[in-house]
Amino acid sequence: MITTKFGGTSLADGQRFAMVRSILAMDDRRRFIVVSAPGKRHPEDVKITDQLYRCHEAARSGGDVAAVFQPIAQRFREIIRELGLALDLEDEFKFTLWVMERGAGQAFCASRGEYFSGRIMAAYLNLPFVDPAQCVFFDDHGQFDGEMAQQSLSARLSGLDGAVMPGFYGGTPDGAVATFSRGGSDISGAILARATGAEVYENWTDVSGILAADPRIVANPQSIKSMTYREVRELAYLGATVLHEDAIYPVKMAGIPVNIRNTMCPEDNGTWIVAESDAPAGAITGIAGRLGYSAIQVEKERSNTEVGYCRKILSCLERNGVPFEHLATGIGSVSLVAPTALLMAHRESLLHDIHEAVHPDTLQIIDGLAMIAVVGRGMAGRKQVAGQLFSAVGQAGVSVRLIDQGTKELNIVLGVEESDYAKAMNAIYHGFFPNA
Ligand code: ASP
């Protein structure tokens, strides 16, 4: 049996609901379905979830909630009409508006996109509707409770041969609605896959799999055929956003492979995400990157012989509440990389504390860095990868400000000037995928 999850662009209007039904009809193992809220129909359109957050904002600031809610209800009415369904959700629309106007919580407001989308899909496919508010549990602090959800969802599904469940939300012990972070329907799909013991978790979206590089930076990057759970996490960390990173955990636990597919091109195989890939690994699997980093550079002669030197620096970060993502050391120098936005409020006190703690020869914060992660299980033990990587960026005239290599030889992270970011990404991509 296969669990499928359809994202917002796959459900943007009636026609796309119909495409979903034809995809399901292609394989009768596709019986458990998770849906997102309708997304954008065209680039200028607004996602239903964004409109719902605006409803909550309007209610909070004493604005006109009905004016924001009406176009939402109208989009759902249109989908029902386009599909020719006899479903009548008018009373529920009225009730939803009524509670929103009376101060319903943000999570409840945001969750209604998935809720109505699920109600319509269940009616359209003639399958039972499973409301996650009653079986996907979050604790009192709004933290998702994986084991509890596994038990209650399995109990709720027992005896069912198929079902439609809205993604993105669940319920708390006091009966309120809680949501995952944005894009969280991917997590709901993974939870449902685990609870149903699915053989595959198919995640249907608007691209034919995970791309080897960001298409906004590199023209037409190829899609990755097969990769491991671990590689997805490494790429997601620096910005590859096809799958929510928390969606990996439930399927990894249960050893369920994930297949990312394109609703608009169902014949494409997409990307397979598995525990151990037996597909031949290229030198690298993919590249991801992000702007907006700063490096705190501390230099002091003979610090390499000073016991506890790094700990003193790190405790200054801890005291100032600044997390760091990379640490690179040289002889007598330590460089700590953190997102600039998180450093902002603490710059002066952090510099002051480090001065006091280790009396460095020089201490500075360098802004405007971009971090690039080059990821691939094929890097382990392959000697030429680093050489190929540095010659690619070197030939493009990019100077590397910082290097950090993960212990598992699964990634190399480079820090470059933001102005060199696109040049470096393209050089690396074309260096490793010469035929692309
Ligand atoms: N609709 C939610 C969002 O826009 C959740 C999802 O689509 O996965 O973030």
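Presented here is a report on the structure given in the accompanying data block. (Residues numbered from 1 in each chain as written. Predicted model: local features only at pLDDT ≥ 70, side-chain atom pairs only at ≥ 80, totals over all residues. Heavy atoms only, no water.)

### Quick word on the packing of aromatic side chains
- Counted by the stated rule, this structure contains 11 aromatic pairs.
- Their ring planes at 90° and their centres at 5.6 Å tell us that Tyr115 and Phe129 sit as a pair that is edge-to-face. Of this pair, Tyr115 sits in helix α5 (residues 106-125) while Phe129 sits in the loop between α5 and α6 (146-157); the two residues are 14 residues apart in sequence, bridging distant segments of the chain.
- A residue is classified by how much of its surface remains accessible, and Tyr115, at 10% relative accessible area, is buried.
- Over the face of the ring belonging to Tyr115 we find Arg112, whose NZ or CZ atom lies 4.4 Å from the ring centre.
- The cationic tip of Arg119 hangs over the ring face of Phe129; the distance from NZ or CZ to the ring centre is 5.9 Å. (Phe/Tyr/Trp six-rings, centres within 6.5 Å; stacked < 30°, edge-to-face > 60°. Helix = DSSP H or I, 4+ residues; strand = E, 2+ residues; numbered from the N terminus. Buried < 20%, exposed > 50% of the residue type's maximum accessible area, 1.4 Å probe, protein only. Lys NZ or Arg CZ within 6 Å of the ring centre and 35° of its normal.)

### Quick notes on the site of the ligand
- Lining the immediate environment of the ligand, one finds Ser36, Lys47, Thr49, Glu114, Phe168, Arg182, Gly183, Gly184 and Ser185.
- Between an oxygen atom of the ligand and a side-chain N or O atom of Ser36, the distance comes to 3.1 Å.
- When the ligand is considered free in solution it has 260 Å² of accessible area, and contact with the protein chains removes 94% of it.
- Placement of the ligand is best described as lying within the largest pocket.
- Residues that form the shell around the ligand fall into these classes: one nonpolar, five polar and three charged. (Near = heavy atom within 4 Å. Polar contact = N/O pair within 3.5 Å; in protein donor to acceptor, adjacent residues only side chain to side chain. Areas by Shrake-Rupley, 256 points an atom, 1.4 Å probe, with all protein chains shown as cover. 1 Å grid on protein atoms, 1.4 Å probe; cavity = no way out; pocket = protein on both sides within 12 Å on 5 of 7 lines; lining within 4 Å. Sits in = over half its atoms within 2 Å of the grid points. Nonpolar A, V, L, I, M, F, W, Y, C, P; charged D, E, K, R; others polar.)

### A short note on the packing of helix α3 (residues 65-83) against α5
- Closest axis-to-axis distance for the α3/α5 pair is 11 Å, and the angle between their directions is 10°. Classified by the interaxial angle, the pair formed by α3 and α5 is roughly parallel. Residue-level contacts link Phe76, Ile79, Ile80 and Leu83 of α3 to Arg112, Gly113, Phe116, Ser117, Ile120 and Tyr124 of α5.
- Along the lines of polarity and charge, the residues of the contact of α3 with α5 split into seven nonpolar, two polar and one charged. (Axes fitted to C-alpha atoms, helices over the stretch in contact; angles between N-to-C directions. Parallel < 35°, antiparallel > 145°, perpendicular 65-115°, else oblique. Contact = heavy atoms within 4.5 Å.)

### Points about the sheet that holds strand β13 (residues 362-375)
- If you walk across this open sheet you meet the six strands as β11-β12-β10-β13-β15-β14, and the pairing is antiparallel. Looking along the sheet, the strands with just one partner apiece sit at the ends: β11 (326-330) and β14 (400-405). Taking the axes of each pair of neighbouring strands and ignoring which way they run, one obtains an average angle of 30° across the sheet.
- Bridging between β13 and strand β15 (residues 411-417) involves seven bridges; their strand directions are antiparallel. Bridge pairing links Ala370 to Val416 in β15.
- Sitting on the sheet, helix α8 (residues 229-237) touches β10 (286-299), β11, β13 and β15, and the angle it makes with β10 is about 60°.
- Across the sheet, helix α14 (residues 421-432) touches β10, β13 and β15, and the angle it forms with β10 is around 125°. (Pairing = 2+ DSSP bridges.)

### Regarding the environment of Ala133
- Tracing the chain through its elements places Ala133 in the loop between α5 and α6.
- A C-alpha to C-alpha distance of 39 Å links Ala133 and Pro221, two positions 88 residues apart in sequence.
- Residue contacts for Ala133: discarding those within four places in its chain leaves Tyr169, Gly170, Gly171 and Val177.

### Concerning α6
- Taking 1.5 Å of rise per residue, 12 residues should cover 16 Å, and α6 covers 16 Å from first to last C-alpha, within 8% of that figure.
- Buried within α6 are the following residues: Ala149, Gln150, Ser152, Leu153 and Leu157.
- Looking at the buried side of α6, the elements it contacts are β2 (30-35), β3 (163-166) and α7 (185-196). (Expected span 1.5 Å × (residues − 1).)

### Quick look at the pairing of strand β1 (residues 2-6)
- Summarising burial for β1: five of the five residues are buried, a large majority.
- By the alternation rule, side chains of β1 split into Ile2, Thr4 and Phe6 and Thr3 and Lys5, which are all buried.
- Bridge analysis of β1 against strand β6 (residues 200-205) gives five bridges, and the strand direction is parallel. Residue pairing in the sheet places Lys5 in a bridge with Asn203 of β6.
- Two elements, β1 and β2, share five bridges in a ladder whose sense is parallel. Paired with Lys5 across the strands is Val34, a residue of β2.
- The β-α-β motif built from β1, the intervening helix α1 (residues 14-25) and the parallel element β2 has right-handed crossover chirality. (Right-handed = clockwise from strand over helix to strand, strands pointing away.)

### Concerning the nonpolar core
- Among the nonpolar cores identified, the biggest contains 71 residues, and Leu153, Ile273, Ile287, Ile372 and Ile428 are the most heavily contacted of them.
- A per-element tally of this core places β13 first, with seven residues.
- Leu153 has contacts with Val130, Cys135, Val136, Met165, Ile191, Leu192 and Ala195, leaving out every residue within four places of it along the chain. (Core = buried A, V, L, I, M, F, W, Y, C linked by side-chain atoms within 4.5 Å.)

### Describing the sheet that holds strand β8 (residues 258-262)
- Ordered in space as β3-β2-β1-β6-β8-β9-β7, the seven strands form an open sheet in which the pairing is mixed. Two strands close off the open sheet at either side, each with one partner strand: β3 and β7 (226-228). If you compare each strand with its neighbour and ignore which way they point, the axes differ by 20° on average.
- In this sheet, strand β9 (residues 271-274) lies alongside β8 in antiparallel orientation, the contact comprising three bridges. Bridge pairing in β9 links Ile260 to Thr271.
- Here α7 sits on the sheet and contacts β1, β2, β3 and β6; the angle it forms with β2, its principal contact strand, is near 150°.

### Quick notes on the packing of helix α13 (residues 384-395) against α14
- Relative to each other, α13 and α14 sit at 135°, their axes nearing to 8 Å. If you check the angle between α13 and α14, you find them oblique. In terms of crossing hand, the pair formed by α13 and α14 is right-handed. Contacts from Val385, Gln388, Leu389, Ala392 and Val393 in α13 reach Ala424, Ala427, Ile428, Gly431 and Phe432 in α14.
- When grouped by side-chain class, the residues that make up the contact of α13 with α14 number eight nonpolar, two polar and no charged. (Left-handed = near helix turned anticlockwise from the far one by under 90°.)

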